[in-house]
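# Results of the structural survey
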Amino acid sequence: MRHPARLGIALTLALATAGCSTAAGGGSRADGEPAADAVSVTSCGRQVSVAAPPQRTVALDQASTEILLELGLQGRMAGTANLKTKIPAQYEAAYAKVPVIAPKIATSEQLRAATPDFVIAGSADLYTKDRAGTREELDALKVPTFVSAVDCPRQNPAGATPFDLLFSDYENLGTLFGARERADKLAADQRAAVAKAGENAGKVPRGADRPTVVYLYSVFNGMPYVAGKSGLPSEMSRIVGAQNAFDDVDEDWPEVTWEEVAKREPDFLVIGDLSERGRPGDSAAEKRAELARHPVVSKLAAVRDGRILEVPGIELDPSVRSVHALGLLANGMKDLGYVR
């Protein structure tokens, strides 16, 4: 869930040493391929070109970091930032080799100190003057920038789903880094996982009988944040044959009221567990307790009957891990009896 931060720091980047690599494994290729010619892709409406595969990449958020780690590119990373939850066990060894330039959102000074030759972010709002600097400013310094296609759907093919856009990220990054074989395999494997999760959608009631779901991401100052129309959970719901109860709100994670949650009368709820983030109301246990003690929401049949699924909260935002949450949702709907 994105929370804009005003850091008040002007961009003064002067990357005199950008492009020189001191990272372990710099110059090696993730797939053992020979050096490629200059390549270009389109990222969020802008052409991104590299004369050679990047060697000092900075990832501005956890989702971008984990994609690069999945592609085996840790040796060509000069930094990572904005870790929200614990790195999964399968990435721990690779992640330990990457410098952490900022525990939260990176500033321009922190980015400058890393001397990157490429910058990647999962969302465009990390490229602002009071954060890492705008894409235009970094382009002027000959530092290419990449933004996940999921964050700018209007700049991408009409009808492309969030998962389609996520998989296009893998393929585009594979092109830029000379790691297409590994990127193509990742995209193919996850496409297969999406197809598997949707196998039982035809066995779920349709029309007015289609089960509705509320995704509870966070409870902040006692108020619930739920999945709206533009977030990944709406697409996840469609795949498994459910209906996001807040599909009429055109936001990723809008703040609503508990009374509004009760008014939607969802057939079941999905709780995002963010206990590793450590804020009040983040853990699944805290969210369950809030549902049980609220005078209105506690009366919902879904709450009374325990029709509640838990998934890792970070997997409800687009990332290399999102297909895992999709699988948990599909299996959970079977367990709840919605698959005929």
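For the structure, check the block above.
Residues numbered from 1 in each chain as written. Predicted model: local features only at pLDDT ≥ 70, side-chain atom pairs only at ≥ 80, totals over all residues. Heavy atoms only, no water.

### Comments concerning helix H1 (residues 62–70)
Of all nine residues in H1, eight are buried, a share of seventy percent or more. Buried residues of H1: Gln-62, Ala-63, Ser-64, Thr-65, Glu-66, Ile-67, Leu-68 and Leu-69, and no others. Taken together, the buried residues of H1 touch strand S3 (57–59), strand S4 (77–81), helix H2 (92–95), strand S6 (118–121) and helix H5 (162–177). Residue Gly-72 follows H1 closely and has a positive phi angle near 75°. (Buried < 20%, exposed > 50% of the residue type's maximum accessible area, 1.4 Å probe, protein only. Helix = DSSP H or I, 4+ residues; strand = E, 2+ residues; numbered from the N terminus. Contact = heavy atoms within 4.5 Å.)

### Brief notes about unusual backbone geometry
Phi at Thr-115 is positive, roughly 45°, even though this residue is not glycine. Turning to its location among the elements, Thr-115 is positioned in the loop between helix H3 (108–113) and S6. Residue classification places Thr-115 among the buried residues on the basis of a relative accessible area of 16%. Located in the positive-phi region is Lys-142, a residue other than glycine, with phi close to 60°. By the secondary structure assignment, Lys-142 is in the loop between helix H4 (135–140) and strand S7 (145–147). On the accessibility criterion, Lys-142 (72% relative accessible area) is exposed.

### Side note on the sheet that holds strand S5 (residues 100–102)
A sheet is described by the order of its strands in space; here five strands give the open sequence S5-S4-S3-S6-S7, paired in parallel fashion. On the outer flanks of this sheet lie S5 and S7, each paired with one strand and no other. The average angle at which neighbouring strand axes cross in this sheet is 25°, direction not considered. Running at roughly 145° to S4, H1 makes contact with S3, S4 and S6 of the sheet. (Pairing = 2+ DSSP bridges. Axes fitted to C-alpha atoms, helices over the stretch in contact; angles between N-to-C directions.)

### Here's the deal with helix H11 (residues 322–335)
Helical geometry: 3.6 residues make up each α-helical turn, so side chains three or four residues apart lie on a common side. Taking 1.5 Å of rise per residue, 14 residues should cover 20 Å, and H11 covers 20 Å from first to last C-alpha, within 8% of that figure. All buried positions along H11 are accounted for by Ser-322, Val-323, Ala-325, Leu-326, Leu-329, Ala-330, Gly-332 and Met-333. Gly-337 occupies a position one or two residues after H11 and carries a positive phi of about 90°. (Expected span 1.5 Å × (residues − 1).)

### Points about the pattern of salt bridges
Considering all chains together, one arrives at 15 salt bridges under this definition. A salt bridge links Asp-139 to Arg-46, with the shortest nitrogen-to-oxygen separation between them at 2.2 Å. With Asp-139 in helix H4 and Arg-46 in strand S2 (residues 46–50), this residue pair connects regions lying 93 residues apart in the sequence. Look at Asp-139 and you get partly exposed, because its relative accessible area is 30%. One network of salt bridges, with partners in common, ties together Arg-46, Glu-136 and Asp-139. (Salt bridge = Lys/Arg side-chain N within 4 Å of Asp/Glu carboxyl O.)

### Remarks on the nonpolar core
Phe-118, Phe-163, Tyr-215, Met-236, Phe-268 and Leu-329 are the most contacted members of the largest nonpolar core, which has 58 residues in total. For this core, the element with the most residues is H5, which contributes eight residues. Contacts of Phe-118, omitting those with residues within four sequence positions, involve Val-48, Val-50, Pro-54, Arg-56, Thr-57, Val-58, Val-143, Pro-144, Phe-146, Leu-173, Leu-176 and Phe-177. Among the nonpolar cores identified, the runner-up in size contains 20 residues, and Val-226, Ala-245, Ala-262 and Ile-308 belong to it. (Core = buried A, V, L, I, M, F, W, Y, C linked by side-chain atoms within 4.5 Å.)

### Overview of the state of the cysteines
One pass over the full model with this rule turns up one disulfide. Each sulfur in the disulfide pair Cys-44 and Cys-152 lies 2.4 Å from the other. Residue Cys-44 is located in the loop between strand S1 (39–43) and S2, and its partner Cys-152 is located in the loop between S7 and H5; the two are separated by 108 residues in the primary sequence. (Disulfide = S-S within 2.5 Å.)

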